[in-house]
Amino acid sequence: MQKMTPINDEAVRLRLDDVAFDKLLRLFRVLDASAVEFEEVRLVPAAQDGTVNATLVISQENRS
């Protein structure tokens, strides 16, 4: 993780640089099974094949 920035009391922006795409998919599966939701996902190919730079905004799942 390169950077983590709180957005409000219930959301955070994560910046991940040069992460293997398959590892990022595993992270998505873990987070999807938890009490968070993805508000934003941005992926940009990195210099090395099979890696990406990612920006994620995640928040607590709204269970109303």
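Here, residues in each chain are numbered from 1, in the same order as that chain's written sequence. Reporting of local features is limited, given that this is a predicted model, to residues whose pLDDT is at least 70; pairs of side-chain atoms are given and counted only at 80 or more, and all residues count toward the totals for whole chains, interfaces and linings. Water and hydrogen atoms play no part in the side-chain values, which are based on all heavy atoms of the structure.

(A) Seen up close, the overall build of the chain. Strands are runs of DSSP state E lasting at least 2 residues, helices are runs of H or I lasting at least 4, and numbering of each runs from the N terminus. Regarding its fold elements, the chain presents 1 helix and 4 strands. Starting at the N terminus and ending at the C terminus, the chain contains elements arranged as β-β-α-β-β. Projected onto its principal axes, the C-alpha coordinates of the chain cover approximately 40 × 20 × 15 Å. Taking all 64 residues of the chain together, the buried fraction comes to 27%. Across the chain, the fraction of contacts at a sequence separation of at least 24, relative to all contacts at a separation of at least 6, is 51%. A total of about 4800 Å² of accessible surface is found on the chain, and carbon and sulfur atoms cover 48% of it. Charged-residue counts in this description rest on Lys and Arg as positive and Asp and Glu as negative, His and the chain ends being excluded. The atom standing in for a charge is NZ when the residue is Lys, CZ when it is Arg, CG when it is Asp and CD when it is Glu. Computed over 8 positive and 11 negative side-chain charges, the inter-centroid distance for the chain is 4 Å. Summary of the burial criterion: residues with accessible area below 20% of their type's maximum are buried, those above 50% are exposed, and those between are partly exposed, where the area comes from a 1.4 Å probe applied to protein chains only. By definition, residues are in contact when any of their heavy atoms lie within 4.5 Å. Accessibility throughout is a Shrake-Rupley quantity obtained with a 1.4 Å probe, and a residue counts as covered only by protein chains that appear here.

(B) Highlighting the environment of Val 57. Looking at where Val 57 falls in the secondary structure, it is placed in strand β4 (residues 51-60). Along the sequence, Val 57 and Ala 11 sit 46 residues apart, while their C-alpha atoms lie 6.8 Å from each other. When near neighbours in sequence (up to four residues on either side) are disregarded, Val 57 contacts Ile 7, Val 12, Arg 13, Glu 37, Phe 38, Glu 39 and Glu 40.

(C) Examining the side chain of Ser 59 more closely. As for its placement among the helices and strands, Ser 59 is situated in strand β4. Judged by relative accessible area, Ser 59 falls into the buried class, the value being 7%. We define a polar contact as two N or O atoms separated by no more than 3.5 Å, with the added condition that, inside protein, one atom must be a possible hydrogen donor and the other a possible acceptor, whereas residues neighbouring each other in sequence contribute only through side-chain atom pairs. A polar atom in the side chain of Ser 59 sits 2.7 Å from the side chain of Glu 39. In contact with Ser 59, not counting residues within four places along its chain, are Glu 10, Ala 11, Ala 35, Val 36, Glu 37 and Glu 39.

(D) Main features of the nonpolar core. The biggest cluster of nonpolar side chains holds 12 residues, and these are Val 12, Leu 14, Leu 16, Val 19, Leu 24, Phe 28, Leu 31, Val 36, Val 52, Ala 54, Leu 56 and Ile 58. Those elements that provide at least two residues to this core are β2 (11-20), α1 (21-32) and β4. Filtering out sequence-adjacent residues up to four positions away, Val 12 remains in contact with Met 4, Thr 5, Pro 6, Ile 7, Leu 56, Val 57 and Ile 58. Note on terminology: a nonpolar core comprises buried Ala, Val, Leu, Ile, Met, Phe, Trp, Tyr and Cys residues joined through side-chain atoms within 4.5 Å.

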